[in-house]
Amino acid sequence: MNSGPESQTALLLCSRESDSVLALQAEVFRDSGHAVIAAASPDKIQEHIESTDFDILVLNHTISFADRKALARKMKSRNRSSGVLVLHHSGALGNPYVDLAVDSRTGVKAMLHAVQRVKAMLHARQHHVNGSEGKYVVVADLNRNYCYVTDPVCELLGYDRAMLLELRIDDIVAGSTSVADPLFQEFVAEGKQSGRITLRHRSGRLVPVKYQAVVEPDGCTIAHWQPLDANPAD
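Procedures and definitions
Residues numbered from 1 in each chain as written. Predicted model: local features only at pLDDT ≥ 70, side-chain atom pairs only at ≥ 80, totals over all residues. Heavy atoms only, no water. Helix = DSSP H or I, 4+ residues; strand = E, 2+ residues; numbered from the N terminus. Rg over C-alpha atoms; globule rule 2.2 N^0.38 Å. Buried < 20%, exposed > 50% of the residue type's maximum accessible area, 1.4 Å probe, protein only. Contact = heavy atoms within 4.5 Å. Areas by Shrake-Rupley, 256 points an atom, 1.4 Å probe, with all protein chains shown as cover. Lys, Arg positive; Asp, Glu negative; His and termini not counted. Charge placed at Lys NZ, Arg CZ, Asp CG, Glu CD. Expected span 1.5 Å × (residues − 1). Polar contact = N/O pair within 3.5 Å; in protein donor to acceptor, adjacent residues only side chain to side chain. Core = buried A, V, L, I, M, F, W, Y, C linked by side-chain atoms within 4.5 Å. Phe/Tyr/Trp six-rings, centres within 6.5 Å; stacked < 30°, edge-to-face > 60°. Pairing = 2+ DSSP bridges. Axes fitted to C-alpha atoms, helices over the stretch in contact; angles between N-to-C directions.

(A) Structural detail: the overall build of the protein chain. Scanning the protein chain from terminus to terminus reveals eight helices and 10 strands. For 234 residues, the compact-globule estimate of 2.2 N^0.38 gives 17 Å, and the protein chain sits close to it at 18 Å. The principal-axis extents of the C-alpha atoms in the protein chain amount to approximately 55 × 40 × 30 Å. Here the protein chain holds 234 residues, and the buried ones make up 46% of them. Within the protein chain, contacts between residues separated by at least 24 positions form 58% of all contacts whose residues are at least 6 apart in sequence. About 11,400 Å² of surface is accessible on the protein chain, with carbon and sulfur atoms providing 49% of the total. Of the charged side chains in the protein chain, 25 are positive and 28 negative; the average position of the first set lies 4 Å away from that of the second.

(B) Representation of helix α8 (residues 176-190). When the terminal C-alpha atoms of α8 are compared, their 21 Å separation across 15 residues agrees well with the 21 Å that a helix rising 1.5 Å per residue should span. Here the buried face of α8 lies against α7 (169-172), β8 (192-200), β9 (206-215) and β10 (221-227). G191, located one to two residues past α8, shows a positive phi value of around 90 degrees.

(C) The side chain of T62, seen in detail. Tracing the backbone through its elements, the reader meets T62 in the loop between β3 (56-60) and α3 (65-78). A distance of 2.9 Å separates a polar side-chain atom of T62 from the backbone nitrogen of R16. Reaching out from T62, the side chain makes a polar contact with the side chain of N60 at a distance of 2.6 Å. Leave out the neighbours within four places in its chain, and T62 touches S15 and R16.

(D) Examining the nonpolar core more closely. Ranked by size, the top nonpolar core spans 46 residues in total, and within it F29, L85, Y146, L164, L199 and W225 carry the most contacts. When residues no more than four places from it in sequence are discounted, the contact partners of Y146 are R117, V138, V139, A140, L164, L165, L167, R168, I169, I172 and W225. C14, V84, V98 and A101 belong to the second largest nonpolar core, which has 19 residues in total.

(E) Broad picture of the packing of aromatic side chains. Within the structure shown, the criterion is met by one aromatic pair. Consider the rings of F184 and F187, whose centres lie 5.7 Å apart with planes at 70 degrees: the pair is edge-to-face. With F184 and F187 both in helix α8, this residue pair falls three residues apart, about one helical turn. On the basis of relative accessibility, which here comes to 8%, the residue F184 falls in the buried class.

(F) Structural view of the sheet that holds strand β5 (residues 100-101). The five strands lie next to each other as β2-β1-β3-β4-β5, forming an open sheet whose pairing is parallel. Each having just a single partner strand, β2 (35-40) and β5 make up the two edges of the open sheet. Where strand β4 (residues 83-87) and β5 come together, two bridges link them in parallel fashion. Pairing of V86 across the sheet is with A101, part of β5. Contacts from helix α1 (residues 20-31) reach β1 (10-15), β2, β3 and β4 within the one sheet, and its direction differs from that of β1 by about 165 degrees. The strands touched by α3 are β3 and β4; relative to β3, the strand with the most contacts, the crossing angle is about 175 degrees.

From the geometry alone we can't say anything about function, so treat these as descriptive.
Here it is in structure tokens:
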């Protein structure tokens with residue numbers, strides 16, 4: 001997916017306290033071309049969320065789960081189109097306000113890749129914000145990676161948002177790649193597609209849907225689902 005002209009991304013990098021970990025992480029992101037605002041302590045972070053313009057809220061591993069959830073919720077209530085990245089291996093579990101989590105111990109490359117993925121998610125959201133109406137809406141790139149999903153999609157399939165955005169189309173289509181690959185290749189070649197397909201709930205339960213999908217000029221693919229199961233809950 002082409003996210004348009006490259007521009008500097010502003011990060012609000014947050015830690016429990018101002019220490020060498022925060023300084024090192026800030027240097028890593030600045031060296032990669034990002035504007036970084038460093039904040040330590042929940043009170044300081046709250047102040048920045050309320051008064052500072054930035055694109056992605058980055059919460060590192062030193063912040064407690066309760067504080068990460070509260071800060072991410074506050075961020076999303078202020079600006080739902082912003083991104084939330086947690087630098088913790090299980091940072092997305094039980095926190096529906098997080099877009100992506102990465103274990104910072106896996107290295108600089110993984111952290112920078114995570115920021116790029118969140119940037120792609122922010123770009124993908126614009127398709128929904130700019131008039132792609134519907135309850136069950138998903139956006140994926142041309143590699144079949146999910147970039148954006150609406151809340152009802154998460155509920156339909158039983159995933160937290162960050163968990164679902166780690167998946168590809170193949171991971172939730174019943175029949176996996178053998179079904180998804182030929183359909184997707186035909187879809188990209190034609191530029192649009194509609195029909196019925198069976199998805200897999202996180203529990204393994206099958207979820208049939210009708211769908212209509214289009215390929216946008218920037219390479220984003222947008223699909224609108226209509227569940228055929230009258231009761232998608234477990």
